[in-house]
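Given next are the chains, with one letter for each unit.
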Amino acid sequence: SSASASADASAPDDDAKYEAEDGQFEIGIFGGVMFPSKDHNLRAQGVQQYEYSIAPEVGVRASWLPVKYVGLEIEGMWGYTTTERDDVANLFAGRGHLIGQIPIGRITPFLVVGTGAIGAGSGTMGVDTDPAFHFGLGAKYMLSQAIGLRLDLRDTMHQKFNAEQDTLTHSPEAMLSLMVALHPR
């Protein structure tokens, strides 16, 4: 009886097998929604500015965790939107960021901070891309050792319309991802 109690005490935590490992890669696809700032400056020079509607979005991402607590990630996003004068307009972004996380079994809360570019294209405002800074938080939930879900809440900051250069406005986002963990074994 005491032998079985000591065997149970030395057994590894079952949820620990779901945690990220040093050297792990992750890839994923996501869908979500962006709430473009009403004060955006995503327009060609000299063209009238219109608000973009709420934008459903899709994207892909890839990350590398040299240690299970810190990693680098890149992602691309494409959003579908409209304006007062356009039935079809698009938002797009390319981003890179640092990810800091705390693996706790199946659940891994995380923070991201990074930079990249956000752009838009519409018939009335043309095509424009601006530098962007973003930050956010979220959590990963592992369904198995290889497959997981991820929720991100972000703020993308970019040039504000009719303001001095480097005056930023905010475009919040919420994203849900399906991810695959590629273990280094």
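Because the structure is a prediction, the values reported are computed rather than measured.

**Student:** How do you make sense of the pairing of strand β3 (residues 70-81) when you look at a structure like this?
**Tutor:** Across the two faces of β3 the burial differs, with Gly71, Glu73, Glu75, Met77, Gly79 and Thr81 buried and Val70, Leu72, Ile74, Gly76, Trp78 and Tyr80 not buried at all. In the sheet, strand β2 (residues 55-67) pairs with β3 via nine bridges, with the strands oriented antiparallel. Paired with Ala62 across the strands is Ile74, a residue of β3. Turn length for the β2-β3 hairpin, with the two strands adjacent in sequence and antiparallel, is two residues. In this sheet, strand β4 (residues 89-101) lies alongside β3 in antiparallel orientation, the contact comprising twelve bridges. Residue pairing for β4: Gly79 is matched across the bridge by Leu91.

**Student:** For this particular structure, what's the right way to read the side chain of Glu75?
**Tutor:** Mapped onto the fold, Glu75 is located in strand β3. We classify Glu75 as buried; its relative accessible area is 5%. A distance of 3.0 Å separates a polar atom in the side chain of Glu75 from a polar atom in the side chain of Arg61. At a separation of 2.6 Å, a polar atom in the side chain of Glu75 contacts the side chain of Arg154. Residues within four places of Glu75 in sequence aside, it is in contact with Phe30, Val60, Arg61, Ala93, Gly94, Arg95, His97 and Arg154.

**Student:** It is not clear to me how the sheet that holds β4 should be interpreted in this structure. Could you clarify?
**Tutor:** Think of a sheet as strands paired side by side through backbone hydrogen bonds, with each pair either parallel or antiparallel. Strand order in the closed barrel formed by eight strands is β1-β2-β3-β4-β5-β6-β7-β8, with antiparallel pairing between adjacent strands. Neighbour to neighbour, the strand axes of the sheet diverge by 25 degrees on average, direction disregarded.

**Student:** Quick question: what am I supposed to make of the environment of Thr82 here?
**Tutor:** Among the secondary structure elements, Thr82 is positioned in the loop between β3 and β4. Relative accessible area serves as the criterion here: at 30%, Thr82 is assigned to the partly exposed category. Taking the C-alpha atoms as reference, Thr82 lies 8.2 Å from Ile54; in sequence the two are 28 residues apart.

**Student:** Explain unusual backbone geometry to me, please; I cannot follow it from the model alone.
**Tutor:** Peptide bonds are, in most cases, trans, and in most cases residues other than glycine have a negative phi. A positive phi is found at Asn162, a non-glycine position, where the angle reads about 55 degrees. Mapped onto the elements of the fold, Asn162 is located in the loop between β7 (147-159) and β8 (168-182). On the accessibility criterion, Asn162 (72% relative accessible area) is exposed.

**Student:** Explanation requested: the nonpolar core in the structure shown.
**Tutor:** As a rule of thumb, nonpolar side chains are buried together in soluble globular proteins. In terms of nonpolar packing, the biggest core is built from 15 residues, with Met34, Leu42, Tyr52, Met77, Leu91, Ile118 and Ala120 touching the most fellow members. Mapped onto this core, the elements with two or more residues apiece are β1 (24-34), β4 and β5 (107-122). Sort the elements by how many residues they give to this core and β4 lands first, with three residues. When sequence neighbours within four positions are dropped, the list of residues in contact with Ala120 reads Leu42, Tyr52, Asn90, Leu91, Phe92, Gly126, Val127 and Asp128. Counting residues in each nonpolar core, the second largest holds five residues, with Leu65, Ile99, Phe110 and Val112 among its members.

**Student:** Explain the environment of Val60 to me, please; I cannot follow it from the model alone.
**Tutor:** Along the chain, Val60 falls in strand β2. Of the residues examined, Val60 reaches a relative accessible area of 49% and is grouped as partly exposed. For the pair Val60 and Thr169, spaced 109 residues apart in sequence, the C-alpha to C-alpha distance is 25 Å. Setting aside residues no more than four positions away along its own chain, Val60 makes contact with Gly28, Ile29, Phe30, Ile74, Glu75 and Gly76.

**Student:** What exactly am I supposed to notice about the pattern of salt bridges here?
**Tutor:** A side chain of one charge can pair with a side chain of the opposite charge when the charged atoms of the two come close. Counting across every chain of the model gives 13 salt bridges. Glu73 is paired through a salt bridge with Arg61; the nearest N and O atoms lie 3.9 Å apart. Taken together, the residues Glu73 in strand β3 and Arg61 in strand β2 connect sequence positions twelve residues apart. The burial state of Glu73 is the same as that of Arg61; both residues are buried. Here Arg95 makes a salt bridge to Glu173, at a shortest N to O gap of 2.6 Å. One end of the pair, Arg95, is in strand β4; the other, Glu173, is in strand β8, and 78 residues separate them in sequence. By relative accessible area, Glu173 is classed as buried at 3%.

Definitions and cut-offs
Residues numbered from 1 in each chain as written. Predicted model: local features only at pLDDT ≥ 70, side-chain atom pairs only at ≥ 80, totals over all residues. Heavy atoms only, no water. Buried < 20%, exposed > 50% of the residue type's maximum accessible area, 1.4 Å probe, protein only. Helix = DSSP H or I, 4+ residues; strand = E, 2+ residues; numbered from the N terminus. Pairing = 2+ DSSP bridges. Polar contact = N/O pair within 3.5 Å; in protein donor to acceptor, adjacent residues only side chain to side chain. Contact = heavy atoms within 4.5 Å. Axes fitted to C-alpha atoms, helices over the stretch in contact; angles between N-to-C directions. Core = buried A, V, L, I, M, F, W, Y, C linked by side-chain atoms within 4.5 Å. Salt bridge = Lys/Arg side-chain N within 4 Å of Asp/Glu carboxyl O.

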